[in-house]
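Descriptive analysis of the structure
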Amino acid sequence: MSLVIRNLQRVIPIRRAPLRKKVEIVRSILGVQKFDLAIICVDNKNIQHLNRIYREKNVPTDVLSFPFHENLTAGEFPQPAFPDDYNLGDIFLGVEYIFQQCEEGEDYNDILIVAATHGLCHLLGFTHSTEAEWQKMHRKEKLALDELNRRAGTRLQPLSRALF
């Protein structure tokens, strides 16, 4: 199904074609390519606003996920009852925050893919509220990114535990 990438900010340039290509590969790896997905790129002001409203944290962040199918168990696939239910949800990428957090030598566009993969795992019910949940999510992200690395010739790693 469709992948929509919207850029609602003007602070950091977004290269949509490579982002789309790699997110499509990750969707295939995770087995959710038949579901619609939206990725919305926003600046610090907007990601902070969303974070304050939905997580009660008044700070910018890298990624927020809003699942269409709530209460999935980690790794469970949605079971759509109707054609309109073939939707995973929305991922908001705080691209300005991500850019600011990049360390020397890191490719910002690679980190966008890693953050999008993290968001996709959230849409599939993975969380990181406890160490055990984080370990399970980290394994899933690593599996997806390792396969992406194999297919696309990249060297991406999951987000660090220190970020949560």
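Heads up: these notes are all about the structure in this document. Keep in mind it's a predicted model, so treat the numbers as computed, not measured. (Residues numbered from 1 in each chain as written. Predicted model: local features only at pLDDT ≥ 70, side-chain atom pairs only at ≥ 80, totals over all residues. Heavy atoms only, no water.)

**Some words on the packing of helix α4 (residues 108-123) against helix α5 (residues 131-152)**
Heads up, the rule is: To obtain each axis, a line is fitted to C-alpha atoms, and for helices this fit is confined to the stretch in contact; angles are then taken between N-to-C directions over 0 to 180 degrees. Numbering of helices and strands starts at the N terminus; helices are DSSP runs of H or I of at least 4 residues and strands are runs of E of at least 2. Angle categories: roughly parallel below 35 degrees, roughly antiparallel above 145, roughly perpendicular from 65 to 115, and oblique for all the rest. Left-handed describes a crossing whose near helix is turned anticlockwise from the far helix by less than a right angle; the clockwise case is right-handed. Contact between two residues is taken to exist if any of their heavy atoms lie within 4.5 Å; hydrogens are not considered. Polar here means any residue outside two lists: the nonpolar Ala, Val, Leu, Ile, Met, Phe, Trp, Tyr, Cys and Pro, and the charged Asp, Glu, Lys and Arg; Gly therefore counts as polar.
Packing of α4 against α5 leaves a shortest axis separation of 10 Å and a crossing angle of 130°. Between α4 and α5, the interaxial angle falls into the category oblique. Crossing angle aside, the handedness with which α4 passes α5 is right-handed. Residues I113, V114, T117, H118, C121 and H122 of α4 pack against M137, K140, E141, A144, L145 and L148 of α5. Here the residues of the contact of α4 with α5 sort into seven nonpolar, three polar and two charged.

**Considerations on the state of the cysteines**
Heads up, the rule is: Working definition: a disulfide is two cysteine sulfur atoms within 2.5 Å of each other. For each residue, the accessible area found with a 1.4 Å probe, counting protein chains only, is set against the maximum for its type, and the residue is called buried under 20%, exposed over 50%, and partly exposed in between.
The tally for this structure, following the rule as stated, stands at zero disulfides. Between C41, a free cysteine, and C102, which holds the nearest cysteine sulfur, the sulfur-to-sulfur gap is 13 Å. Judged by its relative accessible area of 0%, C41 falls in the buried class.

**Notes on α4**
Residue pairs spaced three or four apart in an α-helix point in one direction, given the helix's 3.6 residues per turn. As a reminder of what qualifies: The span one expects for a helix is its residue count, reduced by one, times 1.5 Å. Polar contact criterion, stated in full: a pair of N or O atoms within 3.5 Å, where within protein one must be able to donate a hydrogen and the other to accept it, and residues adjacent in sequence count only if both atoms are side-chain atoms.
In this model α4 runs 23 Å from its N-terminal to its C-terminal C-alpha over 16 residues, within 8% of the 22 Å that 1.5 Å per residue would give. Of all the 16 residues making up α4, 12 are buried; the element is thus mostly covered by neighbouring parts of the structure. For α4, the complete set of buried residues consists of Y108, L112, I113, V114, A115, A116, T117, H118, G119, L120, C121 and L123. Its buried side turned inward, α4 meets α1 (16-30), β2 (36-42), β3 (63-67), β4 (87-94), α3 (95-101) and α5. Near the N-terminus of α4, the side chain that reaches the backbone nitrogen of N109, with its oxygen 2.7 Å away, is that of D107. One or two steps after α4, the chain reaches G125, where phi turns positive at roughly 95°.

**Considerations on the sheet that holds strand β1 (residues 3-7)**
Going by this rule: Following DSSP output, two strands are said to pair if at least two bridges run between them.
In space, the four strands of this open sheet follow the order β1-β2-β4-β3, with mixed pairing throughout. Two strands close off the open sheet at either side, each with one partner strand: β1 and β3. Going from strand to strand, the sheet's axes swing by 15° on average, the running direction of each strand aside. Direction of pairing for β2 relative to β4: parallel, over a ladder of seven bridges. The residue of β4 that forms the bridge with V42 is G94.

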